[in-house]
Amino acid sequence: WGGTTQQQRIAECASNGIPVDLIGDPECAAKVQEKLEGFVKASLAGLKNEYMMRGFAPKAGASKVDMLASLREVLVWEAIPASKLRSVCSGSGLPCGEEESHQTLIQRLAQASWDLRGIPVARLPSLTVAHGILGQMEANETKAISDLIAQCRRRGLPLEPDPDKQTLVHRLRDAVVWEQLSTEELVKECKMRGVSVDDCCAAPSDSGPFLKERRMFSAGPVSLGAGGVGSHKHLVQLLISSAEVDMVEARGIPAWFWKGHRKEAEEIFQWIQECEKMADAPLKDEYEKLGYSGFPGMSRGHFLNCLTCSFVWHTCSPDELKKECASRKMADTCSATTLTSEDRRREVIDQLLVALVYDFYEAAGIPARRMEISDAANVHVKCEELDQRSAEDLTDELAKLAGCERKDLVEKCKVREASVRHLKQVLIWQAMPWDELQKECRSAGAPCHDWDWESDLARNLLRQALSLKPAAAAAEAGKGE
């Protein structure tokens, strides 16, 4: 300890973010502090190298301060006992068995740092290979986008009409990872990405998925050369082709559509990229130019999805449009023979777009198909407004709607979220037609009669949800008092 007392040393460790209590041994904590002090004067490159030599991958864009913090964290992990390291793993959402060693747990934390960079270190031949991939990735992050596009072309990787830099960096990283994986790991990768292993082992044909002929924005031709079907090279090329499918489908364009309507699909892709750059108001204007009105609460992403689907559906053949209806459980909406006129096609497309709006509200927890679409839109807006109100105001309204005293809800709505949840459900019930409310009451076991108004049924459902006596029974109890 030199001339410093143990208590002073512990205080110094604590001031530098070293948890002595977690480590459990002041002497071990002091050693962590000494190691950390040795890193202070190191360069950023030196700190990254030290971190990587310990098996970890630096975070993207890490500064010297960030690297010192990351090294301190790893030094602490190396110093604490396995029992406490398990808690660290568990807190990070990582699996950890009671019998696993300290070294295994450190390796698991290290692997998680590589996963964050998109590099599956555990599946690569060695840590050295992982270091090389990370080095290429970081070098690419400093290059001009024109250089990255040129690299993608050389590798035959897909390219958007207007790619962004980070997307290209990640795409090049994935390609390098695939080249370094073993054939066995490539087969696993194909399965994870939905590329059938049977397709991987079959010879290319016009009907096979993910073939060169189906590549819409291919940066360059791909040739098997001497690799052979089912070889390492063949599997890599199949994964590259599947990446193009992912690229197109990420913009909402189905794979079947870009296969059958390549030229139109490319035009839609380019147009959607332009739409993504628009502010919210111009984006909504583009949607309304098609003759459609936006509904309250519709998100930016939903407008983009509706635009994409509209472009796709207007290009579809009658048979393709029929399949789209069937895939959305709207088979009765159309048949191929009824789609020969443009007016009828427009009518069917309008119904498909309305179905997307229903999907949007149902994803937000509103059973939109059990009410009018305009009512679902109003519910969505009112639900968002609830989030802006105070807890007291919410509880008061809940008591009024349930026909009870505020004190009756103190225990049932201790937290604000409970009041919000109940009020959102009330808004949904109030928007439902009478027959749907009757079904809801019967399902929940709430009182319902043919003479009840919608407001009565909604109140009965609320009292049932709050475990309050039915309104009639509560009224009789009140008379007795």
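Provided above is the structure to which this section pertains.
Residues numbered from 1 in each chain as written. Predicted model: local features only at pLDDT ≥ 70, side-chain atom pairs only at ≥ 80, totals over all residues. Heavy atoms only, no water.

Student: Teacher, can you tell me more about the overall build of the chain here?
Tutor: Scanning the chain for helices and strands turns up 25 helices and zero strands. Sequence-distant contacts, at least 24 apart, represent 53% of the contacts inside the chain between residues at least 6 apart. Carbon and sulfur atoms provide 51% of the accessible area of the chain, an area that totals close to 24,800 Å². (Helix = DSSP H or I, 4+ residues; strand = E, 2+ residues; numbered from the N terminus. Contact = heavy atoms within 4.5 Å. Areas by Shrake-Rupley, 256 points an atom, 1.4 Å probe, with all protein chains shown as cover.)

Student: Mind showing me how you'd approach the environment of D350 here?
Tutor: If you trace the backbone, D350 turns up in helix α19 (residues 342-363). Take D350: its relative accessible area is 26%, and that puts it in the partly exposed class. Considered as a pair, D350 and Y292 are 58 residues apart in the sequence and their alpha carbons are 8.3 Å apart. (Buried < 20%, exposed > 50% of the residue type's maximum accessible area, 1.4 Å probe, protein only.)

Student: It is not clear to me how helix α24 (residues 454-465) should be interpreted in this structure. Could you clarify?
Tutor: Since the α-helix packs 3.6 residues into each turn, any two residues three or four apart lie on the same face. For α24, spanning twelve residues, the distance from its first C-alpha to its last is 17 Å, which sits close to the expected 16 Å at 1.5 Å a residue. Among the residues making up α24, those that are buried are L457, A458, N460, L461, L462 and R463. Backbone geometry just downstream of α24 places S467 in the positive-phi region, at approximately 60°. (Expected span 1.5 Å × (residues − 1).)

Student: Would you explain the environment of A79 in this entry?
Tutor: Tracing the backbone through its elements, the reader meets A79 in helix α5 (residues 64-79). Look at A79 and you get partly exposed, because its relative accessible area is 25%. Sequence separation between A79 and G24 is 55 residues; the distance between their C-alpha atoms is 9.0 Å. Non-local contacts of A79, meaning those with residues more than four positions away in its chain, are made with I23 and V32.

Student: Could you clarify how one ought to interpret helix α23 (residues 434-444) in this entry?
Tutor: Along α23, the positions that sit buried rather than exposed are E436, L437, Q438 and C441. Backbone geometry just after α23 places G445 at a positive phi near 80°.

Student: In this structure, what is going on with the nonpolar core? I would like to understand it.
Tutor: Soluble globular proteins: nonpolar side chains tend toward being buried together. Core analysis: the biggest nonpolar cluster contains 72 residues, and I253, W313, Y361, M371, V379, W429 and L466 have the highest contact counts within it. Those residues in contact with W429 that lie beyond four places of it in its chain are L437, E440, A458, L461, L462 and A465. (Core = buried A, V, L, I, M, F, W, Y, C linked by side-chain atoms within 4.5 Å.)

Student: How do you make sense of the packing of helix α22 (residues 416-431) against α24 when you look at a structure like this?
Tutor: The N-to-C vectors of α22 and α24 enclose an angle of 155°; their axes lie 9 Å apart at closest approach. The angle between the axes of α22 and α24 places the two elements in the roughly antiparallel class. Crossing of α22 over α24 shows right-handed handedness. Residues H422, V426, W429 and Q430 of α22 form the contact with α24, whose own contacting residues are A458, L461, L462 and A465. Considering only residue class, the contact of α22 with α24 consists of six nonpolar, two polar and no charged. (Axes fitted to C-alpha atoms, helices over the stretch in contact; angles between N-to-C directions. Parallel < 35°, antiparallel > 145°, perpendicular 65-115°, else oblique. Left-handed = near helix turned anticlockwise from the far one by under 90°. Nonpolar A, V, L, I, M, F, W, Y, C, P; charged D, E, K, R; others polar.)

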